[in-house]
Amino acid sequence: MYRILEKKELSMRNIWYKIEAPHVAKKVQPGQFVIVRAFPNGERIPLTPVMWDREEGWIVLITFIRGKTTMRMANELKPGDSILNIAGPLGNPAEMEKFGKILAIGAYTGIVEVYPIAKAWQELGNDVTTLHVTFEPMVVLKDELEKAVGRHVLETVPIDPNLDFPTNMKNVTKRLVEKVREMLEKENYDLVFMVGPAGDQKAVFEVVKEFGIPMKADLHPIMVDGTGMCGACRVTVGGEVKFACIDGPEFDAYQVDWDVLIARTGYYTDMEMRAFQEYMKLFEQAVQGGEQ
Ligand SMILES: Cc1cc2nc3c(=O)[nH]c(=O)nc-3n(C[C@H](O)[C@H](O)[C@H](O)COP(=O)(O)OP(=O)(O)OC[C@H]3O[C@@H](n4cnc5c(N)ncnc54)[C@H](O)[C@@H]3O)c2cc1C
Ligand code: FES
């Protein structure tokens, strides 16, 4: 059992959990992740230790409230409660080398996964610029990134209440692609790295490819065990099948079959939507019952 030491809402739909997990804190390296099961009847979801203290034995996870499990965690977990299982650290650490001038990009909550890697690259002697593109009310880790890397660039997009969510998201993609092009035109980078939705990673890759700059990306396929036993997380890289949980999550963006990844990520969308709606109905009934 893993005790929650702190929980707070960092910005819209972004929740911070500081959790006692000494075995993870002792070994985790930037780029690795954990698999969390928060409830007895709950699913396993992959999340990323963003910060940790090896001596004190805690890690910080930051979740974007996306669907049923992350919403349930936000609604039902409070400081002092325990999380049932945290397995990890899992996956390969990010490659720690002197690449030179690096542009590390996070779209939406993807920036929380960029943070430990960008910080470690900067500490190693790289010149790291981070770029965070997100909706205005969803900014996270601004102060921390400004301290950790050479330069932190924040680009926010307002949420237009007259537009549906997918159209608002298209505006973020547009700003992201424009900004990356502008930055690559202005300065020479030796490496680009990105975490974010697969569609946005593909869109950024198309721009980076024009400039011929090496690019790495942390991939987010569906995961179940996270230990290489099921293949749910399979991705096609360089024409070969790889398991993101043991071969990744970091891959060479030039080798990734982006269309296969995008198609597989959306496979359970209908079921996820149904699970979310059913949970919210029950949750609202419980809240109303409690208020009476
Ligand atoms: C290596 C890795 C590290 C991650 N780190 C973070 C993190 O630090 N913070 C964070 O907010 N999110 C992170 N994610 C994404 C996170 O796992 C999903 O947000 C979460 O599973 C959503 O669960 P849900 O029930 O709330 O939403 P759902 O309704 O289940 O899912 C909504 C969408 O989330 C994605 N998703 C769902 N289940 C999984 C799964 N088991 N594995 C991967 N993606 C899934 C799918 O794209 C799906 O369409 C990470 C994913 C991976 C693969
Ligand atoms: S999640 Fe099962 S093999 Fe990667």
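Keep in mind that this is a model prediction, so the values were computed, not measured.

Conventions and cut-offs
- Residues numbered from 1 in each chain as written.
- Chains lettered and ligands numbered in written order.
- Predicted model: local features only at pLDDT ≥ 70, side-chain atom pairs only at ≥ 80, totals over all residues.
- Heavy atoms only, no water.
- Helix = DSSP H or I, 4+ residues; strand = E, 2+ residues; numbered from the N terminus.
- Rg over C-alpha atoms; globule rule 2.2 N^0.38 Å.
- Buried < 20%, exposed > 50% of the residue type's maximum accessible area, 1.4 Å probe, protein only.
- Contact = heavy atoms within 4.5 Å.
- Areas by Shrake-Rupley, 256 points an atom, 1.4 Å probe, with all protein chains shown as cover.
- Lys, Arg positive; Asp, Glu negative; His and termini not counted.
- Charge placed at Lys NZ, Arg CZ, Asp CG, Glu CD.
- 1 Å grid on protein atoms, 1.4 Å probe; cavity = no way out; pocket = protein on both sides within 12 Å on 5 of 7 lines; lining within 4 Å.
- Points joined across faces, edges and corners; volume = space filled by probe spheres on them.
- Nonpolar A, V, L, I, M, F, W, Y, C, P; charged D, E, K, R; others polar.
- Pairing = 2+ DSSP bridges.
- Axes fitted to C-alpha atoms, helices over the stretch in contact; angles between N-to-C directions.
- Phe/Tyr/Trp six-rings, centres within 6.5 Å; stacked < 30°, edge-to-face > 60°.

Colleague: Describe the overall build of the protein chain, naming the residues involved and giving the relevant values.
Modeller: Each helix and strand in the protein chain was counted, giving nine helices and 16 strands. In summary, the protein chain has a C-alpha radius of gyration of 19 Å against a globular reference of 19 Å for 292 residues, a match within 12%. Across its three principal directions, the C-alpha atoms of the protein chain cover 60 × 50 × 40 Å. Looking at the protein chain as a whole, 46% of its 292 residues are labelled buried. Sequence-distant contacts in the protein chain: of pairs separated by 6 or more residues, those separated by 24 or more amount to 67%. Accessible area of the protein chain: about 14100 Å², with a carbon and sulfur share of 51%. Each charge sign in the protein chain was given a centre, from 34 positive and 42 negative side chains, and these centres are 3 Å apart.

Colleague: Any details on the layout of surface pockets? Residues and values, ideally.
Modeller: By volume, the second largest pocket amounts to about 170 Å³. When contributions to the lining of the second largest pocket are tallied by element, the ones reaching two or more residues are β5 (49-53) and α3 (111-123). With five residues, α3 is the single largest residue contributor to the lining of the second largest pocket. Taken together, the residues of the lining of the second largest pocket sort by class into seven nonpolar, no polar and two charged.

Colleague: Go over the sheet that holds strand β3 (residues 33-37), please, and point to the residues and values.
Modeller: As summarised here, the arrangement of the three strands in space is β4-β3-β8, forming an open sheet in which the pairing is antiparallel. The sheet terminates laterally at β4 (45-47) and β8 (85-90), the two strands that pair on one side only. Taking each pair of neighbouring strands and ignoring which way they run, the sheet shows an average axis angle of 25°. With four bridges connecting them, β3 and β8 associate as antiparallel partners. Each bridged residue has a counterpart across the sheet, and for R37 the counterpart in β8 is N85.

Colleague: Describe the packing of aromatic side chains, with residues and values.
Modeller: Evaluation of the coordinates by the stated rule reveals six aromatic pairs. Ring centres of W121 and F193 lie 5.4 Å apart, and the angle between their planes is 85°; on these two criteria the pair is classed as edge-to-face. Here F193 lies in strand β12 (residues 191-195) and W121 lies in helix α3, a separation of 72 residues in the sequence. The pair formed by W121 and F193 is uniform in burial state, with each residue classed as buried. In textbook terms, an aromatic cluster arises when at least three aromatic residues are bridged by ring pairs, as seen for F99, W121 and F193.

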